[in-house]
Amino acid sequence: MRKHKLSLTVNGIDYILEVNAGEMLLDVIRDHLNLTGTKTGCDSGACGACTVLMDGMAVKSCLVLALQAEGRKILTIEGLAQDGALHPLQEAFIEKWAIQCGYCTPGMILTSKSLLDENPNPSEDDIRMYLSGNICRCTGYQKIIDAVASVRPLQGGRHGKK
Amino acid sequence: MKDMRYIRAASVTEITDNLKKYGDKAKILAGGQSLVTLLKQRLVSPNVLIDISRVADLNFIRKTKKTLKIGALTTHRQIETDPFIREHLPILADMEKQLASVQIRNLGTLGGNLCHADPAGDLAPPLIALGAKLKLISATGARTVLAENFFKDFFETAIRPDEVLAEIHVPLLPYFGNAVYIKHSTRGVDTTIIGVAAFISKDIDTCREVRLCVGGVGSVPIRAKNAEAAIRGKAVSKKIMAEAGKKAREEISPVSDLQGSAEYKKELIEVFIQRALKAASKGGRKGA
Ligand SMILES: Cc1cc2nc3c(=O)[nH]c(=O)nc-3n(C[C@H](O)[C@H](O)[C@H](O)COP(=O)(O)OP(=O)(O)OC[C@H]3O[C@@H](n4cnc5c(N)ncnc54)[C@H](O)[C@@H]3O)c2cc1C
Ligand code: FES
Ligand code: FES
């Protein structure tokens, strides 16, 4: 197999890797970098379990060729906590019981982060629409919506605050 | 997935030169939101991937006097959030809101959506109703085709293996014109069962021009021309719209697929043509 050079940044660390043209970003994250917080679900763009942020934008890493990420900054769930302190969204998911089996959680949290970065005070409808590409088989969604809603700055939440 | 050569094109010329060199052995990669799945399932297995996603010249939204020109690499999300489009061609922004999920819209491009030519695609019906044209470029020149004539069969288009779709030209709405797209699906963002786009322009109450296009009911998006003829030149009344719904139902023979049976879709055509016409004819664009 022909190897291609790939340079990218994941959670603030620069990597230079060798990949095949057909390799997915998801596989690079999980298998080359051993960051297994990013989950494989449907492997076809439908469930959102594999969501990561690429240059701040939510993408489904099962549908991104690794080479498409050349030069990009990737954020996975492992990169969210800072100096041992959980991100406000992570705390909110725990506090509001928005996690059961946890399989959808990394994707839910990263997609929510991208929403709140774009729009710090989304309505409940905005949250539902934005998370519509993320499937949860356990919680029934309401607790996830509550968790995201609770970190809106207008609700006294801490998203975006240092 | 088999081994492939991977080329990251930096300019339109680099795209067309590589297409000329590799012909149908090559596949263009834009956002990859449809192609990657086809590659994984081995439904396509090119020897060469030409990644065009970094060609900045193909990513723009530019207004000219009567036309909005959109580069083929413009993403769904850019259309959804563009302030000019939201105000002046809201049909496109509204359609995008219901297309796939935000993650897919972040990477998926307009050009990729059209060239993929899924008969349930949500972009084609509005473009056809608006009378949009597509500009195709090859190493030997450029040509323009009506969006309506671009689609040939399930996942087949008029594009040649040496051509790239470069631009989409959308006529701006006339002063007394309006257009809407209504998508019917299980949930908002799911695959379209049927999608109806209606463009209508009026002199006071009389319909001057109308174009209706239905997606998800055949191998390509279909113009409901008999339904249009039923309204054109007439006062747009509830009765006339019901008449148009009946005509559309008669003239389109939907195919059964995973989204619904042919019978069900026939019902939907009649109902949704009426709904789309109603919304388009009272649409509030500049009081039209
Ligand atoms: C989970 C999911 C849900 C979806 N839901 C919807 C939906 O509700 N409605 C809808 O309409 N679509 C939907 N889609 C499809 C998606 O919107 C588009 O098909 C996608 O945006 C294609 O754009 P792309 O840039 O990713 O194209 P790619 O996947 O890169 O390419 C698609 C095809 O077009 C060719 N191509 C791309 N760009 C060009 C060009 N400029 N010139 C010539 N050929 C080109 C490629 O060679 C390939 O054959 C969905 C997709 C997924 C994965
Ligand atoms: S694994 Fe990527 S969307 Fe399901
Ligand atoms: S918590 Fe189990 S899938 Fe969401």
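Structure's up top.
Residues numbered from 1 in each chain as written. Chains lettered and ligands numbered in written order. Predicted model: local features only at pLDDT ≥ 70, side-chain atom pairs only at ≥ 80, totals over all residues. Heavy atoms only, no water.

A.B. asks: Residues and numbers for the overall build of chain B, please.
C.D. replies: Summing up its helical and strand segments, chain B has 12 helices and 14 strands in all. With respect to the three principal axes, the spread of C-alpha positions in chain B is 60 × 45 × 35 Å. Taking all 288 residues of chain B together, 54% fall into the buried category. Residue pairs in contact within chain B that sit at least 24 positions apart in sequence constitute 60% of those at least 6 positions apart. Put simply, chain B shows about 12,400 Å² of open surface, and 50% of that area lies on carbon and sulfur atoms. (Helix = DSSP H or I, 4+ residues; strand = E, 2+ residues; numbered from the N terminus. Buried < 20%, exposed > 50% of the residue type's maximum accessible area, 1.4 Å probe, protein only. Contact = heavy atoms within 4.5 Å. Areas by Shrake-Rupley, 256 points an atom, 1.4 Å probe, with all protein chains shown as cover.)

A.B. asks: Summarise the site of ligand 1; cite the residues concerned and give the values.
C.D. replies: In the vicinity of ligand 1, 32 residues are found, and the nearest of them are Ile28, Gln33, Ser34, Leu35 and Thr109 of chain B. With respect to ligand 1, the chains having nearby residues are chains A and B. Lysine 27 of chain B has a polar side-chain atom sitting 3.2 Å from an oxygen atom of ligand 1. Separating an oxygen atom of ligand 1 from a side-chain N or O atom of asparagine 113 of chain B is a distance of 3.0 Å. Within the complex, the protein chains bury 89% of what would otherwise be the 980 Å² of accessible surface of ligand 1. If you list the elements that add at least two residues to the shell around ligand 1, you get β2 (26-29), α7 (110-116) and β10 (164-171) of chain B. Top element by residues in the shell around ligand 1 is α7 of chain B. It accounts for five residues. (Near = heavy atom within 4 Å. Polar contact = N/O pair within 3.5 Å; in protein donor to acceptor, adjacent residues only side chain to side chain.)

A.B. asks: For helix α12 (residues 262-282) of chain B, give the residues involved together with the corresponding values.
C.D. replies: Here α12 of chain B contains 21 residues, and its C-alpha end-to-end distance of 30 Å stays within 8% of the 30 Å for a straight helix at 1.5 Å per residue. Residues of α12 of chain B that are buried include every one of Lys265, Leu268, Ile269, Glu270, Phe272, Ile273, Ala276, Leu277, Ala280 and Ser281 of chain B, and no others. (Expected span 1.5 Å × (residues − 1).)

A.B. asks: So what's going on with the interface of chain B and chain A? Residues and values would help.
C.D. replies: Every contact between the two is made by 28 residues of chain B and, on the other side, 31 residues of chain A. Note on chain B versus chain A: buried area summed over both sides is about 2,400 Å², and carbon and sulfur give 54% of it. Summed over the three residues of chain B that lose the most area to chain A, namely Lys40, Arg54 and Gln103 of chain B, the buried surface amounts to 23% of that side. Applying the counting rule to chain B against chain A returns two salt bridges. For glutamate 118 of chain A, the salt bridge identified is with arginine 77 of chain B, shortest N-O distance 2.6 Å. Applying the counting criterion to the chain B and chain A interface returns 16 residue pairs in polar contact (both at pLDDT 80 or more). Its residues assigned to classes, the side of chain B that touches chain A comprises 11 nonpolar, seven polar and 10 charged. (Buried area = accessible area lost by both parts, 1.4 Å probe. Salt bridge = Lys/Arg side-chain N within 4 Å of Asp/Glu carboxyl O. Nonpolar A, V, L, I, M, F, W, Y, C, P; charged D, E, K, R; others polar.)

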